[in-house]
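Here are the chains, one letter per residue:
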Amino acid sequence: VGLNEGMVLLSLLGPHVYNTQRRQMVITIDDLFLGANRATEYVPGFVKDGMGLGKGVDDYVKPQRPPAFTFIGGSEKALIAR
């Protein structure tokens, strides 16, 4: 989240995993940055659990699924996801 490429306020970094059967991009978050400072270790436990901070795709056990974007359609200039 930011105003432009030079002014990023919140950055959530993690690997991207694409599930072709469901057309989903799974969201996993390893690190959280506020401004240019890493803030992962300062996030309260209930927030870490709620957003799945530090969890990988394999850490979710059924019936839980990791958060994901489902791709509905796309073109050269647009991507539609929910």
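Note that the structure is a prediction, hence the values are computed from the model and not measured. Per chain, residues are indexed from 1 in the order of the written sequence. Reporting in this predicted model follows two pLDDT cut-offs: at least 70 for local features of residues, and 80 or more for side-chain atom pairs to be given and counted; totals over whole chains, interfaces and linings ignore these cut-offs and use all residues. Heavy atoms throughout the structure, all of them, feed into the side-chain values; hydrogens and water do not.

(A) Geometry of the sheet that holds strand β9 (residues 79–81). One requirement defines pairing of two strands: DSSP has to find at least two bridges between them. Working definition: helices are DSSP H or I runs of at least four residues, strands are E runs of at least two. Numbering for both runs from the N terminus. Spatially, the 4 strands line up as an open sheet ordered β4-β5-β8-β9, and their pairing is antiparallel. Looking at which strands have only one partner, the edges of the open sheet turn out to be β4 (16–19) and β9. On average, each strand axis in the sheet is inclined to that of its neighbour by 35 degrees, with strand direction left out of account. As paired strands, β4 and strand β5 (residues 24–27) are joined by 4 bridges and run antiparallel to one another. Its bridge partner being in β5, H16 is matched across the sheet by I27. In this analysis, axes come from line fits to C-alpha atoms, helices being fitted only over the stretch in contact, and the angle between any two N-to-C directions falls in the range 0 to 180 degrees.

(B) Structural context of the nonpolar core. By convention a nonpolar core is built from buried Ala, Val, Leu, Ile, Met, Phe, Trp, Tyr and Cys residues, the set being connected through side-chain atoms within 4.5 Å. Exposure is judged per residue with a 1.4 Å probe applied to protein chains only, and the accessible area is read against the type maximum: over 50% gives exposed, under 20% gives buried, and values in between give partly exposed. Formed by I29, L32, A39, V43 and L53, the largest nonpolar core amounts to 5 residues. Leaving out residues up to four positions away in the same chain, L32 has contacts with L10, S11, L12, N37, R38, A39, T40, V43 and M51. Every residue pair with non-hydrogen atoms within 4.5 Å of one another is taken to be in contact.

(C) Structural view of the side chain of T40. Examined against the element boundaries, T40 turns out to sit in the loop between β7 (37–38) and α1 (45–51). For T40, a relative accessible area of 9% translates into the label buried. Identification of polar contacts relies on pairs of N or O atoms within 3.5 Å, with a donor-acceptor requirement for protein atoms, meaning one able to donate a hydrogen and the other able to accept it, and with residues adjacent in sequence counted only if both atoms are side-chain atoms. At a separation of 2.9 Å, a polar atom in the side chain of T40 contacts the main-chain amide nitrogen of L32. Apart from the residues within four sequence positions on either side, T40 is in contact with D30, D31, L32, K48 and L53.

(D) Molecular detail of the pairing of strand β6 (residues 31–34). In terms of strand pairing, strand β3 (residues 10–13) meets β6 through 4 bridges, oriented antiparallel. Paired with L13 across the strands is D31, a residue of β6. Of the pairings in the sheet, the one linking β6 to β7 comprises 2 bridges and is antiparallel in character. Along β7, the bridge assignment pairs F33 with R38.

(E) Spatial organisation of the pattern of salt bridges. Here a salt bridge means any side-chain nitrogen of Lys or Arg lying within 4 Å of a carboxyl oxygen belonging to Asp or Glu. What the rule picks out here adds up to 1 salt bridge. Residues D31 and R38 are paired through a salt bridge, measuring 2.7 Å at the closest nitrogen-oxygen approach. Owing to a relative accessible area of 44%, R38 belongs among the partly exposed residues under this scheme.

(F) The sheet that holds β7, seen in detail. Strand order across the open sheet formed by 3 strands is β3-β6-β7, with antiparallel pairing between neighbours. Both outer strands of the open sheet, β3 and β7, are each paired with one neighbouring strand and no more.

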